[in-house]
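The residues making up each chain are set out below.
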Amino acid sequence: MGEHERYNRERWDKTSDSYQAYHGVEISRVPDAWGAWRIPESELRVLPDITGKDVLELGCGGGQWSIWLAQNGARVTGLDLSERQLSHARSSAAAVGVGVVLVQGSAESLPFRDGTFDLVLSDHGAMSWGDPDRTLPEVARVLRPGGILVFCAASPLFIICWDEQIDGPGERLRRDYFGLHRVEEGDGAATFNLPYGEWVRRFRMHGLSIDALVEPRPAEGAVSTFYPEATEWARRWPAEVIWKVRREP
Ligand SMILES: C[S@@+](CC[C@H](N)C(=O)[O-])C[C@H]1O[C@@H](n2cnc3c(N)ncnc32)[C@H](O)[C@@H]1O
């Protein structure tokens, strides 16, 4: 396991209880919704038909998406680095009597055979916290031909406008766009983001073709527990992106 994976696991084990008590409650209220502003899937319509499909959630956290997917007819595996996050997912799945396979592991080295899944999903999960040079080849490997990867992540613009002073996105570009890759999150923890062209180059390299790039825009007055002061910013510029790509047959 690499250094950032160890630090990220430590970070999530340490913060899991408070994260679930604060953000988790809001996520559970509408589990089939994307990103920091929880825009419903019924509005964005990025998921394929999930009935009877084998689905992997990468960085499932408290398992809210995984549980919803299982309740709606998918066979679901939730993978996460953090034992504490998985224990929240385990209790929530048990509380509603839903069967979800929960696995501790890293998206950078997936413990699954080639061609196991029809859909891989991540909502600010391991596609954001893992290095795309390691996660993307792994996702391409475990997807069946024609299988789909859908992931929601911070937009590159959001990252380059991040202003430490206001602890949120500002109206000035504060870091370089070119070369964007590892983003320090403090105490050795890291997230990852790439310029658009770099995502596209890597998708093609791993046999993934693009179905859609969605830039979700929160409604006027929408509230985010993650970025309560940034709704106006996110209405002017894309704070998040959702990529939908497909493994070529
Ligand atoms: C922001 S949470 C996402 C979960 C859920 N969608 C949510 O919004 O709460 C990020 C999750 O990714 C997990 N994670 C980080 N790096 C990972 C990796 N390399 N492999 C699997 N999971 C990872 C963390 O442990 C954490 O539970």
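One can find the structure itself at the top, above this paragraph.
Rules of the game
- Residues numbered from 1 in each chain as written.
- Predicted model: local features only at pLDDT ≥ 70, side-chain atom pairs only at ≥ 80, totals over all residues.
- Heavy atoms only, no water.
- Salt bridge = Lys/Arg side-chain N within 4 Å of Asp/Glu carboxyl O.
- Helix = DSSP H or I, 4+ residues; strand = E, 2+ residues; numbered from the N terminus.
- Contact = heavy atoms within 4.5 Å.
- Polar contact = N/O pair within 3.5 Å; in protein donor to acceptor, adjacent residues only side chain to side chain.
- Near = heavy atom within 4 Å.
- Areas by Shrake-Rupley, 256 points an atom, 1.4 Å probe, with all protein chains shown as cover.
- Nonpolar A, V, L, I, M, F, W, Y, C, P; charged D, E, K, R; others polar.

J.: So what's going on with the pattern of salt bridges? Which residues, and what values?
T.: When charged atoms on two side chains of opposite charge get close, those side chains can pair. In the structure shown here, the tally under the stated rule is 17 salt bridges. The shortest N-O distance in the salt bridge between D118 and R144 comes to 3.0 Å. Taken together, the residues D118 in strand β6 (residues 117-123) and R144 in strand β7 (residues 143-154) connect sequence positions 26 residues apart.

J.: Can you tell me about the environment of R246, naming the residues and giving the values?
T.: With respect to the helices, strands and loops of the structure, R246 is situated in strand β13 (residues 240-247). Sequence separation of R246 and L119 is 127 residues, and the distance between their C-alpha atoms is 9.1 Å. Excluding residues within four positions of it along the chain, R246 makes contact with G146, G147, I148, G207, L208, S209 and D211. There is a polar contact of 2.6 Å between the side chain of R246 and the side chain of D211.

J.: A description of the site of the ligand should follow, citing residues and the corresponding values.
T.: The immediate surroundings of the ligand are formed by 19 residues, with Y19, D80, Q85, A107 and D123 found nearest. For the ligand, an oxygen atom lies 2.6 Å from a polar atom in the side chain of Y19. Note that a nitrogen atom of the ligand is positioned 3.3 Å from one of the backbone N or O atoms of L81. Protein contacts shield 96% of the accessible area of the ligand, which totals 590 Å² for the unbound molecule. Sorting the residues of the shell around the ligand by element identifies α1 (3-29), β4 (75-80) and α5 (126-129) as the ones contributing at least two each. It is α1 that contributes the most residues to the shell around the ligand, 3 residues altogether. In terms of residue class, the shell around the ligand is made up of 9 nonpolar, 8 polar and 2 charged.

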